Amino acid sequence: METDCTSNDAVAPAKLSALPPGTRLLHIGPHKTGTTSIQGALFGAKEKLPAYGVEFPAQSRHPMQAVLAACARTGMIGDARPTERHWTRLVEQVHASGRRTSVISSEFFADAPDDATIERIVEQLGGERVHVLVTVRPLAKIMPSQWQQYVQNGLRMGYEEWLEHMLRKAPYDKPNPSFWRRHRHDRLVERWVRAVGAERVTVVVVDDRDRGGLMRTFEALLGLPRNLLQPVPDTANRSLTLAETEMLRSLNKEFRSNGLPDELYSKLVRNGAVVHMKNICSPTPRDVKISTPGWAVEAAAEIGAEMADRIALTGVQVIGDPGLLSAVPEPAAKPAGEWEGGREGEREGERAGEARIAPEVAAHALYGALAAVAAGPGGTSARPVHQTPSKELVRVLGHRCLKRLRRR
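Residues numbered from 1 in each chain as written. Predicted model: local features only at pLDDT ≥ 70, side-chain atom pairs only at ≥ 80, totals over all residues. Heavy atoms only, no water.

### What to know about the overall build of the chain
For the chain, the count of helices and strands is 14 helices and seven strands. Of all 408 residues assigned to the chain, the portion counted as buried reaches 50%. Of the contacts made within the chain by residues no fewer than 6 positions apart, 77% connect residues no fewer than 24 positions apart. A total of about 19900 Å² of accessible surface is found on the chain, and carbon and sulfur atoms cover 53% of it. (Helix = DSSP H or I, 4+ residues; strand = E, 2+ residues; numbered from the N terminus. Buried < 20%, exposed > 50% of the residue type's maximum accessible area, 1.4 Å probe, protein only. Contact = heavy atoms within 4.5 Å. Areas by Shrake-Rupley, 256 points an atom, 1.4 Å probe, with all protein chains shown as cover.)

Structure below.
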């Protein structure tokens, strides 16, 4: 059952004081804790912020390439490796904000590999002017979202097997060592406290029941008027349904077993098929969601309770209810009627085999891959890919395949 046990040490967002002018507010995520919504809202309000002494010193919603370079990360498989120039440019933009408060947000800061890297990031962004903000959510809500995100980056392991590795098979670093680096939230907080001190770290416990709560917290910390930050729709960042994820996981197996290059995966699958499918196809109430088994939910709640206790011991400011990290959510309501490909009354997402992808969703995924091919060198004219007729995309793809066969 969910609890409502706000700690005496926690701070309600309504009672927050704004950070001192000139602060570098560094939001380090981690992943799946509302980072995309905050980044979109800040970027959407970029032109309004200076009137209140605040800057969003980035040229895009999420300065991912810069932060990957700072953390010596390669990024998603098949993507071009970021360079130090990406990071240097962001640092210059932060310094250009002068005495204004600036806010830098990227969940990839949570991937910083060691204390030396964290200290370098803090020093280059402003040293004592840096205030670190960590957003946290219950693990039971993070795990399904993070698993399907890993599948979008080539993971071939099923959800329950992945949970076994993450929760039951020490040292819990296969197949995704980044998971606990990001989501052992107490240790994440401790690493950054060592760099800046507890007085310059704030932890925000995200409450999914209060959809605007995180926006209001950022407004209070930055000294912005209430409701200045507004959600910006981002279909490209939505989570995949169970059927979509299983389709992609099967594709990942075929892709890897045939030894195709990572660059091709990046272009055709992740930035082609998946992006187009997300943009065009919206989940419906009949789509089966990714469901976490009870044993994993209980294990996550136990870890969450331990994390909440250790975070409290660091002495950082905590906003929100730490009790949410150890709360066991109510089981999902059973769907009414019969599911497509399922049995009447069966629990939502009980078995991966019950998920059936709609033909039109598969078609849009395939179209996205074809569009990515057509957009490459020698493809169609300068028209945007989404405006290119399907017949022309197929013609271009066929022509390229014939050329390659002739060369061989």
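So much for the structure itself; the text now carries on.
### Brief notes about the nonpolar core
Considering soluble globular proteins, one finds that nonpolar side chains tend to be buried as a cluster. By size, the foremost hydrophobic cluster in this structure holds 64 residues, and its most contacted members are Trp-87 and Trp-192. When near neighbours in sequence (up to four residues on either side) are disregarded, Trp-87 contacts Ala-66, Ala-69, Ala-70, Phe-109, Arg-120, Ile-121, Gln-124 and Leu-125. Ranked by size, the runner-up nonpolar core spans 38 residues in total, among them Leu-155, Tyr-159, Leu-248 and Ile-303. (Core = buried A, V, L, I, M, F, W, Y, C linked by side-chain atoms within 4.5 Å.)

### Here we look at the pattern of salt bridges
Scanning the model with the defined rule gives 19 salt bridges in all. Arg-249 is the salt-bridge partner of Glu-246, the closest N and O atoms lying 2.8 Å from each other. Residue Glu-246 and its partner Arg-249 are located together in helix α10 (residues 242-257), separated by three residues, close to a single helical turn. Each member of the pair, Glu-246 together with Arg-249, is buried. Shared partners join several salt bridges into a network, and the residues in it are Arg-184, Asp-186, Glu-190, Glu-306 and Arg-310. (Salt bridge = Lys/Arg side-chain N within 4 Å of Asp/Glu carboxyl O.)

### Brief notes about the environment of Thr-74
Here Thr-74 shows up in the loop between α2 (64-70) and α3 (84-96). A residue is classified by how much of its surface remains accessible, and Thr-74, at 41% relative accessible area, is partly exposed. The contacts of Thr-74, once residues within four sequence positions are left out, are Ala-80, Arg-81 and Pro-82.

### Description of the confidence of the model for the chain
In this model, the chain carries a mean pLDDT of 84, and residues with pLDDT of at least 70 account for 82%. Below pLDDT 50 for its whole length, residues 1-8 participates in 18 contacts with residues either more than four positions away or in separate chains. Counting contacts from residues 378-388, a segment whose pLDDT is below 50, to residues more than four positions away or on other chains yields 17 contacts. (pLDDT = per-residue confidence, 0-100.)

### Some points on the packing of aromatic side chains
Counting across every chain of the model gives eight aromatic pairs. Taking the centre distance of 5.1 Å and the plane angle of 40 degrees together, the rings of Trp-147 and Tyr-159 count as tilted. Remark: Tyr-159 occurs in helix α6 (residues 159-168) and Trp-147 occurs in helix α5 (residues 139-151); sequence separation between them is twelve residues. According to the relative accessible area criterion, Trp-147 is buried, its value standing at 0%. A relative accessible area of 7% means that Tyr-159 is categorised as buried. (Phe/Tyr/Trp six-rings, centres within 6.5 Å; stacked < 30°, edge-to-face > 60°.)

### Here's the deal with the pairing of strand β6 (residues 201-205)
For β6, the buried fraction is high: five of the five residues fall into the buried class. Judged by which residues are buried, β6 turns out to be covered on both faces: Val-201, Val-203 and Val-205 on one side and Thr-202 and Val-204 on the other are all buried. Here strand β5 (residues 130-136) runs beside β6; their pairing, made up of five bridges, is parallel. Bridge pairing links Val-132 to Val-201 in β6. For β6 and strand β7 (residues 317-319), the ladder comprises three bridges, and the chain directions are parallel. Opposite Val-204, over in β7, you have Ile-319 as the bridge partner. (Pairing = 2+ DSSP bridges.)

### Comments concerning the packing of α10 against helix α11 (residues 262-280)
At a minimum axis separation of 12 Å, α10 and α11 run at an interaxial angle of 165 degrees. It follows from the interaxial angle that α10 and α11 lie roughly antiparallel. Both α10 and α11 take part in a crossing whose hand is right-handed. Between α10 and α11, the contacting residues are Glu-244, Met-247, Leu-248, Leu-251, Asn-252, Phe-255 and Arg-256 on the first element and Asp-262, Leu-264, Tyr-265, Val-269, Val-274 and Met-277 on the second. (Axes fitted to C-alpha atoms, helices over the stretch in contact; angles between N-to-C directions. Parallel < 35°, antiparallel > 145°, perpendicular 65-115°, else oblique. Left-handed = near helix turned anticlockwise from the far one by under 90°.)

### Digging into α6
For α6, the set of buried residues is Tyr-159, Trp-162, Leu-163, His-165, Met-166 and Leu-167. Packed against the buried residues of α6 are α5, α7 (178-183) and α12 (294-314).

### So, the side chain of Arg-137
Turning to its location among the elements, Arg-137 is positioned in the loop between β5 and α5. Residue Arg-137 is classed as buried on the basis of its relative accessible area of 13%. Among the polar contacts made by the side chain of Arg-137, one reaches the main-chain carbonyl oxygen of Lys-32 at a distance of 3.0 Å. For Arg-137, the residues in contact, after removing those within four places along its chain, are Lys-32, Thr-33, Ile-142, His-185, Val-206, Asp-208 and Leu-325. (Polar contact = N/O pair within 3.5 Å; in protein donor to acceptor, adjacent residues only side chain to side chain.)

### Topic: the packing of helix α4 (residues 115-125) against helix α8 (residues 185-196)
Contact pair α4 / α8: the axes reach a minimum separation of 9 Å and the direction vectors enclose 55 degrees. On the basis of the axis angle, α4 is oblique to α8. In this structure, α4 crosses over α8, and the sense of that crossing is right-handed. Counting all contacts with α4, which are made through Asp-115, Ile-118, Glu-119, Ile-121 and Val-122, the residues of α8 involved are Arg-191, Trp-192, Arg-194, Ala-195 and Val-196.

### Some points on the environment of Ala-45
Among the secondary structure elements, Ala-45 is positioned in the loop between α1 (35-44) and β3 (54-55). The class for Ala-45 is buried, based on a relative accessible area of 3%. Residues Ala-45 and Gln-230, spaced 185 residues apart in sequence, show a C-alpha to C-alpha distance of 8.1 Å. In contact with Ala-45, other than residues within four places in its own chain, are Leu-228 and Leu-229.

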